[in-house]
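Summary of the model geometry
Chain residues, written in single-letter form:
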Amino acid sequence: MAIDLGTANTLVVLKGKGVVLNEPSVVAVVDNKGKKSVLAVGDEAKTMLGRTPGNIQAIRPLRDGVIADFIVTEEMIKHFIKKVHKKTLANPRILICVPTGSTPVERKAIQDSALAAGARRVQLIEEPIAAAIGAGLPISEATGSMIVDIGGGTSEIAVMSLGGLVYSKSLRVAGDAMDTAIVNYMRKEYNLLIGDTTAEKIKKEMGTAIPTGTNTYPVKGRDLRSGTPKEVNITEEDTAEALNDILKEMVNAIKDALENTPPELSADLVDMGLTLTGGGALLKNIDKRFSKETGLPVHVADDPLSCVAVGTGKALDQEETFSTMLSEY
Ligand code: ADP
Ligand code: MG
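Because the structure is predicted, anything quoted here is derived from the model rather than measured.

Topic: the overall build of the protein
Counting its secondary structure elements, the protein contains 11 helices and 17 strands. Relative to the compact-globule value of 20 Å for 329 residues, the protein shows a C-alpha radius of gyration of 20 Å, a close match. Expressed as lengths along the three principal axes of its C-alpha atoms, the size of the protein is roughly 60 × 60 × 30 Å. Taking all 329 residues of the protein together, 51% fall into the buried category. In the protein, 62% of the contacts between residues at least 6 apart in sequence involve partners at least 24 apart.

A look at the site of ligand 1
Taken together, 18 residues lie near ligand 1, and Thr7, Ala8, Asn9, Glu200 and Lys203 sit nearest. Threonine 7 places a polar side-chain atom, nitrogen or oxygen, 2.6 Å from an oxygen atom of ligand 1. In the environment of ligand 1, an oxygen atom lies 2.9 Å from a nitrogen or oxygen atom belonging to the backbone of glycine 279. For ligand 1, the cavity whose grid points lie within 2 Å of the majority of its atoms is the largest pocket. Mapped by element, the contributors of at least two residues to the shell around ligand 1 are helix H5 (175-190) and helix H6 (196-206). Ranked by residue count, the leading element in the shell around ligand 1 is H6, at 3 residues.

A short note on the layout of surface pockets
In this model, the largest pocket occupies a volume close to 1,200 Å³. Forming the boundary of the largest pocket are 50 residues, of which Ala8, Lys46, Asp179, Glu200 and Lys203 lie nearest the centre. Taken together, the elements giving at least two residues each to the lining of the largest pocket come down to strand S1 (2-5), strand S2 (9-14), strand S3 (18-24), strand S6 (56-59), strand S9 (145-150), H5 and H6. It is H6 that contributes the most residues to the lining of the largest pocket, 9 residues altogether.

Overview of the sheet that holds S2
Spatial strand order, S3-S2-S1-S7-S8-S17: 6 strands in an open sheet with mixed pairing. Lying at the two open borders of the sheet, with one neighbouring strand each, are S3 and strand S17 (326-327). Across 6 bridges, S2 lies against S3 in antiparallel orientation. Note that in S3 the partner of leucine 11 across the bridge is asparagine 22. Along the sheet face, helix H2 (residues 70-85) touches S1, S2, S3 and strand S7 (93-98) and points at about 140° away from the line of S3.

Some thoughts on the nonpolar core
Core analysis: the biggest nonpolar cluster contains 43 residues, and Ile150, Met186, Ile194, Val219, Met250, Leu276 and Phe290 have the highest contact counts within it. Here this core gets 9 residues from one element, more than from any other, and that element is helix H7 (residues 236-259). Leaving out residues up to four positions away in the same chain, leucine 276 has contacts with Val148, Ile150, Ala281, Ile286, Asp287, Phe290, Val298, His299, Val300 and Ala301.

Structural notes on the packing of helix H4 (residues 127-134) against helix H10 (residues 307-317)
It is at 7 Å that the axes of H4 and H10 come closest, and there the two elements cross at 85°. On the basis of the axis angle, H4 is roughly perpendicular to H10. Residue-level contacts link Glu127, Ala130, Ala131, Ile133 and Gly134 of H4 to Cys307, Val308, Val310, Gly311, Thr312, Lys314 and Ala315 of H10. Here the contact of H4 with H10 is composed, by residue class, of 7 nonpolar, 3 polar and 2 charged.

Considerations on H7
Three- or four-residue spacings in an α-helix give side chains the same orientation, since the helix completes a turn every 3.6 residues. Relative to the 34 Å expected for 24 residues at 1.5 Å per residue, H7 spans 32 Å between its end C-alpha atoms, a close match to the ideal helical length. At asparagine 244, H7 is deflected by roughly 50°, the largest bend along its length. Measuring from the side-chain oxygen of the N-cap residue of H7 to the backbone nitrogen of glutamate 237 gives 3.2 Å; that N-cap residue is threonine 235.

Observations regarding the side chain of threonine 10
Position of threonine 10 relative to the elements: it lies in strand S2. In this structure threonine 10 comes out as buried when scored by relative accessible area, which is 1%. Within the structure, the side chain of threonine 10 is placed 2.8 Å from the side chain of serine 25, a separation counted as a polar contact. Setting aside anything within four residues of it in sequence, one finds threonine 10 in contact with Ile3, Asp4, Leu5, Leu21, Asn22, Glu23, Ser25, Met76 and Phe80.

Things to note about the environment of glycine 273
Secondary-structure assignment places glycine 273 in the loop between helix H8 (263-272) and strand S15 (274-277). In this structure glycine 273 comes out as buried when scored by relative accessible area, which is 4%. Linking glycine 273 and alanine 28, residues 245 residues apart in sequence, is a C-alpha distance of 41 Å. Beyond its immediate stretch of four places on either side in the chain, glycine 273 contacts Met146, Asp268, Leu296 and Pro297.

Digging into the pairing of S2
With 5 of 6 residues buried, S2 lies mostly within the body of the structure. Sheet analysis places S1 next to S2, joined by 4 bridges and oriented antiparallel. Its bridge partner lying in S2, aspartate 4 is registered against leucine 11. Where S1 hands over to S2, the hairpin turn is made up of 3 residues, counted between the paired strands.

Calculation rules
Residues numbered from 1 in each chain as written. Chains lettered and ligands numbered in written order. Predicted model: local features only at pLDDT ≥ 70, side-chain atom pairs only at ≥ 80, totals over all residues. Heavy atoms only, no water. Helix = DSSP H or I, 4+ residues; strand = E, 2+ residues; numbered from the N terminus. Rg over C-alpha atoms; globule rule 2.2 N^0.38 Å. Buried < 20%, exposed > 50% of the residue type's maximum accessible area, 1.4 Å probe, protein only. Contact = heavy atoms within 4.5 Å. Near = heavy atom within 4 Å. Polar contact = N/O pair within 3.5 Å; in protein donor to acceptor, adjacent residues only side chain to side chain. 1 Å grid on protein atoms, 1.4 Å probe; cavity = no way out; pocket = protein on both sides within 12 Å on 5 of 7 lines; lining within 4 Å. Sits in = over half its atoms within 2 Å of the grid points. Points joined across faces, edges and corners; volume = space filled by probe spheres on them. Pairing = 2+ DSSP bridges. Axes fitted to C-alpha atoms, helices over the stretch in contact; angles between N-to-C directions. Core = buried A, V, L, I, M, F, W, Y, C linked by side-chain atoms within 4.5 Å. Parallel < 35°, antiparallel > 145°, perpendicular 65-115°, else oblique. Nonpolar A, V, L, I, M, F, W, Y, C, P; charged D, E, K, R; others polar. Expected span 1.5 Å × (residues − 1). Bend = angle between axes of the 7 residues up to and from the residue.

Remember, this is a structural readout, not a statement about activity or role.
Okay, structure coming up:
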């Protein structure tokens, strides 16, 4: 079994069966006079985000790429393993992909959670390496490969060669930050208060890194002055403006990575370019903008949302090829 434990979504791959589970990394916890218990996990819990009464909390335990809440994370991993595990797989070997920024304590905690959930053996793989394997990059070769994985809480920027990380950086600016930027923009430009879920919907349906379309898009929210519901129409010019600072920050981080890459590998990257994975890669025109501003060819991986999970699954299947890229604590 392979698990992509993402800040926004968790995917589980079973050997020979592909992706068998794909759910938000969200846990709803109910506080009953100080006694906390898990109410829902995954899809069911996500619908509760921003809509919970006082005693229920919908938590994203990995939100910033680090584990904010170990107990909730463990409950979530256990829940997902049990869900796909049923009775068919007794004590499986599990490969889990972890963000490069996670600390040894966090890695150990992730590993212990999986062991507690019934795994026989738990190995870890770095997220950008899994992304590169999933995207089919030649990471075992003496050639530079570059991955920019834009997830929910973090963007992982990495340069790899000979199966190892030459440079890696975990930026805490990714899909969630885009949502927040849209919330702030709507407040500033239109005096309209919207929630994160609405902002995410706007980003997916109307968001762009370079405005090209001329459609308008209706956004409902609360008027900040009158306090009553209001609807405004926005354009791609709006979303591009809202996302501008975030995209600039990402471009700067990519440029930093290029400056910190040994010259031989930089030369490879000029030809090979960089590959975008993670849900953020689906933002309209993000590839064009990154290419324009970094001077590199930019490719969007096939199915960027499942690239890491697919790569983790491949590493599990072809243990011999990828054994040097797996670790255990
Ligand atoms: P993680 O690996 O951190 O769990 P994912 O790779 O699953 O993250 O990506 C989730 C992020 O991708 C979310 O912020 C989501 O809003 C964003 N996303 C998904 N689809 C799109 C889209 N079409 N355009 C822009 N962002 C998107
Ligand atoms: Mg991810």
